[in-house]
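Below, each chain spelled out in residue letters.
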Amino acid sequence: MTDYPVDHALREQTVTIMRELAEAAGLRAGKVLVVGTSTSEITGRQIGTGGVLETAQQVLDGIAEVQAEFGFDTAYQCCEHLNRALVVERELLERLGLTEVAAVPVPKAGGSMASAAYRSFHDPCLAESISAHAGIDIGETMIGMHLRRVAVPFRPSIRYIGKARVTAAMTRPKLIGGERAVYRMEQENDRSACD
């Protein structure tokens, strides 16, 4: 039990940030969001020192609300004690051909958020890694290893959930070509020869 009160605004803060990120990143069915969360940081403690399942559940519920609206998939990052493996639905693991690893996350090994996600999923499993289209990092848990290249920072209107700093990112395809490359179709087609 923690001496920090569980803030009922956590879900609402999460919904606001997630909706902004989903809209900006174009998250929809077939897209994946990676989530890293320190519930210790949310409650004002140092990462890894006081995880709270009730706090994790409020954030999880907020993400699930926006996920239901937009249709994207989620992957919840475990802590370093499980090598930052990801809690995913088995269907996503199989659809993307991800490598499964064996563990059940618990608050002391995996983290409260990964533990809560694992218990709430229909058919949970752990994936070794993923290349997500967007990510949200609540409490500076370091999700960059699970984002596609090229990551673009996203600045939500709310920068904290509870007492944890929030960083977010979306990704875009790599730009290829040199000075003659074009990245958007113009209204009038320029038929200039390339040779």
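Residues numbered from 1 in each chain as written. Predicted model: local features only at pLDDT ≥ 70, side-chain atom pairs only at ≥ 80, totals over all residues. Heavy atoms only, no water.

Undergrad: I tried to follow the nonpolar core on my own but got confused; where do I start?
TA: Counting residues in each nonpolar core, the largest one holds 38 residues, and the members touching the most others are Leu33, Phe72, Tyr76, Val87, Ile136, Ile138 and Ile161. Of all the secondary-structure elements, those providing two or more residues to this core are α1 (9-25), β1 (32-37), α3 (53-70), α5 (112-120), β6 (134-138) and β9 (164-171). Beyond its immediate sequence surroundings of up to four residues, Ile136 is in contact with Ile17, Met18, Leu21, Leu33, Val34, Val35, Gly36, Ile143, Val166, Thr167 and Ala168. (Core = buried A, V, L, I, M, F, W, Y, C linked by side-chain atoms within 4.5 Å. Buried < 20%, exposed > 50% of the residue type's maximum accessible area, 1.4 Å probe, protein only. Helix = DSSP H or I, 4+ residues; strand = E, 2+ residues; numbered from the N terminus. Contact = heavy atoms within 4.5 Å.)

Undergrad: Would you mind showing me how to read the environment of Leu126 here?
TA: Mapped onto the secondary structure, Leu126 falls in strand β5 (residues 124-127). Sequence-distant contacts of Leu126, defined by excluding residues within four places in its chain, comprise Cys78, Leu82, Ala85, Leu86, Val87, Leu93, Thr99, Glu100, Val101, Ala103 and Pro105.

Undergrad: Looking at this model, I keep getting lost on the pattern of salt bridges. Mind explaining?
TA: Any two side chains of opposite charge can pair if their charged atoms end up close together. Under the definition given, this model contains 10 salt bridges. A salt bridge links Asp61 to Arg11, with the shortest nitrogen-to-oxygen separation between them at 4.0 Å. Of this pair, Asp61 sits in helix α3 while Arg11 sits in helix α1, placing them 50 residues apart in sequence. Judged by relative accessible area, Asp61 falls into the partly exposed class, the value being 28%. A relative accessible area of 31% places Arg11 in the partly exposed class. For Glu69, the salt bridge is made with Arg19, and the minimal N-O distance between the two is 2.8 Å. With Glu69 in helix α3 and Arg19 in helix α1, this pair connects stretches of sequence that are 50 residues apart. Since its relative accessible area comes to 27%, Arg19 is described here as partly exposed. Several salt bridges converge on common partners, so that one network encompasses Arg11, Arg19, Asp61, Glu65 and Glu69. (Salt bridge = Lys/Arg side-chain N within 4 Å of Asp/Glu carboxyl O.)

Limitation: the analysis is restricted to geometry and does not speak to function.
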